[in-house]
Amino acid sequence: MSKSLEQKLPWALLILRVGIFVVMFVWALDKFINPAHTAAVFEGFYGISGLSTTLATVLGALQVILCLAFLVGLWKTVTYGLILALHAVSTFSSFPQYIDAFNNLLFFAAWPMLAACLALFLLREHDTKLSF
């Protein structure tokens, strides 16, 4: 690896990690702030109905813990892998919205984020800036 790439790659991966964290953390906070929205998402996209406020809060707490561990680069294979898996499930469960593309343009933002999650997972051993 060139010296230039050696210097720039960790910074680029840190930027990806922080950007992904922002999205996933806001999704986690939504489970606390608007559990009814969480229940509607689970029913509409995952086919799981009757999600209680308590369960939405527990899921939100677990997601906050995962997001914070991800942000500081703990247990990279596990945390980066879980973030990738969660976002992949979210992206693929939205398939009907992609068919009606021009009425659901915002759903397409999930694809570059999925690519960023995959890139970060694949390059996790090089993600060393502000990371454990």
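For the structure itself, look to the data block above.
All figures in this text were calculated on a predicted structure; none of them were measured in a lab.

Criteria and thresholds
- Residues numbered from 1 in each chain as written.
- Predicted model: local features only at pLDDT ≥ 70, side-chain atom pairs only at ≥ 80, totals over all residues.
- Heavy atoms only, no water.
- Helix = DSSP H or I, 4+ residues; strand = E, 2+ residues; numbered from the N terminus.
- Buried < 20%, exposed > 50% of the residue type's maximum accessible area, 1.4 Å probe, protein only.
- Contact = heavy atoms within 4.5 Å.
- Lys, Arg positive; Asp, Glu negative; His and termini not counted.
- Charge placed at Lys NZ, Arg CZ, Asp CG, Glu CD.
- Axes fitted to C-alpha atoms, helices over the stretch in contact; angles between N-to-C directions.
- Parallel < 35°, antiparallel > 145°, perpendicular 65-115°, else oblique.
- Left-handed = near helix turned anticlockwise from the far one by under 90°.
- Nonpolar A, V, L, I, M, F, W, Y, C, P; charged D, E, K, R; others polar.
- Expected span 1.5 Å × (residues − 1).
- Core = buried A, V, L, I, M, F, W, Y, C linked by side-chain atoms within 4.5 Å.
- Salt bridge = Lys/Arg side-chain N within 4 Å of Asp/Glu carboxyl O.

Novice: Whenever I open this one, the overall build of the protein confuses me. Can you help?
Specialist: The helix and strand inventory of the protein stands at 6 helices and 0 strands. The N-to-C order of helical and strand elements in the protein reads α-α-α-α-α-α. In terms of overall dimensions, the protein has C-alpha extents of about 55 × 35 × 20 Å along its principal axes. Here the protein holds 132 residues, and the buried ones make up 36% of them. In the protein, the share of contacts with a sequence separation of at least 24, taken over all contacts with a separation of at least 6, comes to 69%. Between the mean site of the 7 positive side-chain charges and the mean site of the 6 negative ones, the protein shows a separation of 15 Å.

Novice: Explain the packing of helix H1 (residues 3–33) against helix H4 (residues 76–93) here, please?
Specialist: The angle between the axes and the distance between the axes are what describe a pair of packed helices. Their axes nearest at 12 Å, the elements H1 and H4 cross at an angle of 60 degrees. With respect to H4, the element H1 is oriented oblique. Once H1 is placed against H4, the crossing between them reads as left-handed. Residue-level inspection shows Arg-17, Ile-20, Met-24 and Trp-27 of H1 in contact with H4, the latter providing Tyr-80, Ile-83, Leu-86, His-87 and Ser-90. By residue class, the composition of the contact of H1 with H4 is 6 nonpolar, 2 polar and 1 charged.

Novice: For this particular structure, what's the right way to read H4?
Specialist: Because the α-helix completes a turn every 3.6 residues, residues three or four places apart line up on one side. Over its 18 residues, H4 runs 25 Å from end to end, which matches the ideal 26 Å to within 8%, given 1.5 Å per residue. Of the residues making up H4, those classed as buried are Lys-76, Thr-79, Tyr-80, Ile-83, Leu-84, His-87, Ala-88, Ser-90, Thr-91 and Ser-93.

Novice: How do you make sense of the environment of Asp-100 when you look at a structure like this?
Specialist: Along the chain, the position of Asp-100 falls in the loop between helix H5 (95–99) and helix H6 (110–122). Placed 70 residues apart in sequence, Asp-100 and Asp-30 show a C-alpha to C-alpha distance of 26 Å.

Novice: Would you mind showing me how to read the nonpolar core here?
Specialist: Nonpolar side chains in soluble globular proteins tend to end up buried together. Ranked by internal contacts, the top residues of the largest apolar core, which has 18 residues, are Ile-20, Met-24, Phe-70, Ile-83, Cys-117 and Leu-120. Elements supplying a minimum of two residues to this core: H1, helix H3 (53–71), H4 and H6. In this structure Leu-120 touches Leu-13, Arg-17, Ile-20, Phe-70, Tyr-80 and Asp-127, once residues within four positions along its chain are discounted.

Novice: How do you make sense of the pattern of salt bridges when you look at a structure like this?
Specialist: When their charged atoms lie close together, side chains carrying opposite charge are able to pair. Considering all chains together, one arrives at 1 salt bridge under this definition. Notably, a salt bridge pairs Arg-17 with Asp-127, separated by 2.7 Å at the nearest N-O pair. Taken together, the residues span a long stretch of sequence, with Arg-17 in helix H1 and Asp-127 in the segment after H6 at a distance of 110 residues.

Novice: Got a minute to help me understand unusual backbone geometry in this structure?
Specialist: Keep in mind that most residues, glycine aside, have a negative phi and that most peptide bonds are trans. We note that Trp-75 has phi near 45 degrees; this positive angle belongs to a residue other than glycine. With respect to the helices and strands, Trp-75 occurs in the loop between H3 and H4. The phi torsion at Leu-130 lies on the positive side, around 50 degrees, for a residue other than glycine. Its place among the elements puts Leu-130 in the segment after H6. Exposure remark for Leu-130: the relative accessible area of 68% places this residue in the exposed category.

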